[in-house]
Amino acid sequence: EVIALHISGEKLDQYQVNQGLFLIIGSEAHGVDPALLKLARPLAIPKQGAGESLNAAMATGIALYELNKA
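Residues numbered from 1 in each chain as written. Predicted model: local features only at pLDDT ≥ 70, side-chain atom pairs only at ≥ 80, totals over all residues. Heavy atoms only, no water.

Describing the overall build of the protein chain
Consideration 1: When you go through the protein chain residue by residue, the secondary structure sums to two helices and three strands.
Consideration 2: Each helix and strand of the protein chain, placed in order from N terminus to C terminus, yields the pattern β-β-α-β-α.
Consideration 3: In terms of C-alpha radius of gyration, the protein chain reaches 11 Å, essentially the compact-globule figure of 11 Å for 70 residues.
Consideration 4: Each principal axis of the C-alpha distribution contributes one length, and for the protein chain these read about 35 × 25 × 20 Å. (Helix = DSSP H or I, 4+ residues; strand = E, 2+ residues; numbered from the N terminus. Rg over C-alpha atoms; globule rule 2.2 N^0.38 Å.)

Points about the nonpolar core
Consideration 1: In this structure, Ile3, Leu5, Leu12, Tyr15, Leu43, Ala59, Ala63 and Leu67 together form the largest nonpolar core, which totals eight residues.
Consideration 2: At the level of secondary structure, the elements contributing two or more residues to this core comprise strand 1 (2–11) and helix 2 (56–67).
Consideration 3: Counting residues per element, this core draws most heavily on helix 2, which supplies three residues. (Core = buried A, V, L, I, M, F, W, Y, C linked by side-chain atoms within 4.5 Å. Buried < 20%, exposed > 50% of the residue type's maximum accessible area, 1.4 Å probe, protein only.)

A word on the sheet that holds strand 3 (residues 41–44)
Consideration 1: Strand order in the open sheet formed by three strands is 2-1-3, with parallel pairing between adjacent strands. Strands with a single pairing partner mark the edges of an open sheet, and in this sheet they are strand 2 (22–24) and strand 3. Pairwise comparison of adjacent strand axes, ignoring direction, gives a mean angle of 50 degrees for this sheet.
Consideration 2: In the sheet, strand 1 pairs with strand 2 via three bridges, with the strands oriented parallel. Within the sheet, the bridge partner assigned to isoleucine 3 lies in strand 2 and is leucine 23. (Pairing = 2+ DSSP bridges. Axes fitted to C-alpha atoms, helices over the stretch in contact; angles between N-to-C directions.)

Limitation: the analysis is restricted to geometry and does not speak to function.
This is the structure we're talking about:
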């Protein structure tokens, strides 16, 4: 399965990994390319507070942690 981090995706912490996956992380300035986003299931890291976004490295670390919890 192909998944991509995107602010409008479903909550990452509620996603259940059932098989191997390919994780797409976009750039900090532009996000995931729209053509790639069409091929993926969008997932979002729930955020709190007024911060705009996480940097790509931090988002990747959080995503990998969440995806490997099960």
